[in-house]
Structure formats: structure tokens, C-alpha cells
Amino acid sequence: MAEDRRINRRQQGDLGELSAMEWLGTQGALVFAPVTHSPHYDLIADVDDRLLRVQVKTASFFHRERWEVSICTRGGNLSRSGTTSVFSPERCDLLFVLVADGRRWCIPAGEVDGRHAVRLGGPKYERFEIRRGTPFDVRNPPSTPPPAAFATRLPL
């Protein structure tokens, strides 16, 4: 079944990276983008003289009151064996996620419980949810209430 998309996946990914840059900057981080493509992280954040590798993901699929976020890499970044590159906390320090309605999470890589996907919007990762950013798809926003409190600092 063809998916009706407002923006293409590359644009969606770019918006995710810009959202991460904006939030990390408000946390006092200096943010850098690798000059060449990196399969394991999208940004580097300099926080208190510590360099953090940040993997950025976006998601628009809402199912059973949760956002389904693919955290593995498919397509152009296949490993030599032809398998999908799965998420590993050894390859990055933070996972930043922006979903279609603007909700965002900044999760320490060691706290991510999954290699292929995570489900966000429930209690498991709520302590890592940060203030909302700009939605990238508001055609059919899910009715997800904002959390009672947002993380206000980088989860270091």
C-alpha cells in the first residue's frame, strides 16, 4: 500500500537533524555535522568539553498509542553481508527522536532497549522526553497528551 507523504524521507530526516541541533544548542552544546556521511551518528555535540555522537531518527507511524521508531539503518547502508545495520550503544552516545506531531526524545544510547525499533510515547522512555518541537506532519495528529514534565537537561 502506498503511503501518502507530505514530505519525502530525506526532508523528514533533515528536519529531525535540525530539530536536534536546535534543542542541543539550547542546552549549551556546540553542534557539528560530520563532513562525510557517518552510518552510526548524524551529529556531534560538544557538551562541557565532552564530545557526544548523536544518532537522529524521525517517525511518522503511530500504532496502538505509541510511536513506532525504526532505529536500524536500511537501504543504502547495508553491511557487507547484506544485512541491516542494527542500533548499538557502542556506535553513538545519544539517540534523538522527532516524531510527526513534534514530540521529541533525547535518550542515552545505553538506555535504548532495542536493536531494530523502539516504541515511544509510553512510560518506558518518558523521562527522556523533551519539550515539543515543530511537527512535520499534522494531517492526522494522534491525540497524545504531553507528559506532565519534560527533561530539561541533557541526559548525561
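The structure displayed is predicted, hence computed values, not measured ones.

## Here's the deal with helix H1 (residues 9-26)
Because each turn of an α-helix spans 3.6 residues, side chains separated by three or four positions end up pointing in the same direction.
Here comes step 1: The first and last C-alpha atoms of H1 sit 26 Å apart over 18 residues, in line with the 26 Å expected at 1.5 Å per residue.
Here comes step 2: Burial in H1 covers these residues: Gln12, Gly16, Ser19, Ala20, Trp23 and Leu24. Down the axis, H1 shows its buried residues gathered within 125 degrees of arc, on one side only. Structural note: H1 exposes Arg10 and Leu18 on the side pointing more than 90 degrees away from its buried face.
Here comes step 3: In the core, the buried residues of H1 are packed alongside strand S1 (30-32), strand S2 (43-47), strand S3 (50-59), strand S6 (94-99), strand S7 (104-108) and strand S9 (129-130).
Here comes step 4: The distance from a side-chain oxygen at the start of H1 to the backbone nitrogen of Arg10 is 3.0 Å, and the residue carrying that oxygen is Asn8.

## Remarks on the pairing of S7
Here comes step 1: Buried residues dominate S7, accounting for 5 of its 5 residues.
Here comes step 2: Here S7 shows no split at all, with Arg104, Cys106 and Pro108 on one side and Trp105 and Ile107 on the other all buried.
Here comes step 3: Bridging between S6 and S7 involves 5 bridges; their strand directions are antiparallel. By the bridge assignment, Leu95 is partnered in S7 with Ile107.
Here comes step 4: Between S6 and S7, which pair antiparallel in sequence order, lie 4 residues; one of them, Gly102, sits at a positive phi of approximately 100 degrees.
Here comes step 5: Here S7 pairs with S9 via 2 bridges, running antiparallel. Considered in S9, the bridge of Arg104 is made with Ile130.

## Details of the side chain of Lys57
Here comes step 1: Looking at where Lys57 falls in the secondary structure, it is placed in strand S3.
Here comes step 2: Buried and without a salt bridge, Lys57 has Asp42 as its closest oppositely charged side chain, separated by 6.1 Å.
Here comes step 3: Beyond its immediate chain neighbours, meaning those up to four positions away, Lys57 contacts Val69, Ser70, Ile71, Cys72, Thr73, Leu95, Phe96, Val97 and Leu98.

## Overview of the nonpolar core
Here comes step 1: One finds Val54, Val69, Phe96, Trp105, Ile107 and Leu120 to be the most contacted residues of the largest nonpolar core, which totals 36 residues.
Here comes step 2: Going through the elements one at a time, H1, S2, S3, strand S5 (66-70), S6, S7 and strand S8 (117-120) are the ones with two or more residues in this core.
Here comes step 3: If we skip the residues at most four places from it in the chain, Trp105 touches Trp67, Leu95, Phe96, Val97, Val99, Leu120, Gly121, Tyr125, Phe128, Glu129 and Ile130.

Conventions used here
- Residues numbered from 1 in each chain as written.
- Predicted model: local features only at pLDDT ≥ 70, side-chain atom pairs only at ≥ 80, totals over all residues.
- Heavy atoms only, no water.
- Helix = DSSP H or I, 4+ residues; strand = E, 2+ residues; numbered from the N terminus.
- Expected span 1.5 Å × (residues − 1).
- Buried < 20%, exposed > 50% of the residue type's maximum accessible area, 1.4 Å probe, protein only.
- Arc of directions from axis to C-beta.
- Contact = heavy atoms within 4.5 Å.
- Polar contact = N/O pair within 3.5 Å; in protein donor to acceptor, adjacent residues only side chain to side chain.
- Pairing = 2+ DSSP bridges.
- Lys, Arg positive; Asp, Glu negative; His and termini not counted.
- Salt bridge = Lys/Arg side-chain N within 4 Å of Asp/Glu carboxyl O.
- Core = buried A, V, L, I, M, F, W, Y, C linked by side-chain atoms within 4.5 Å.

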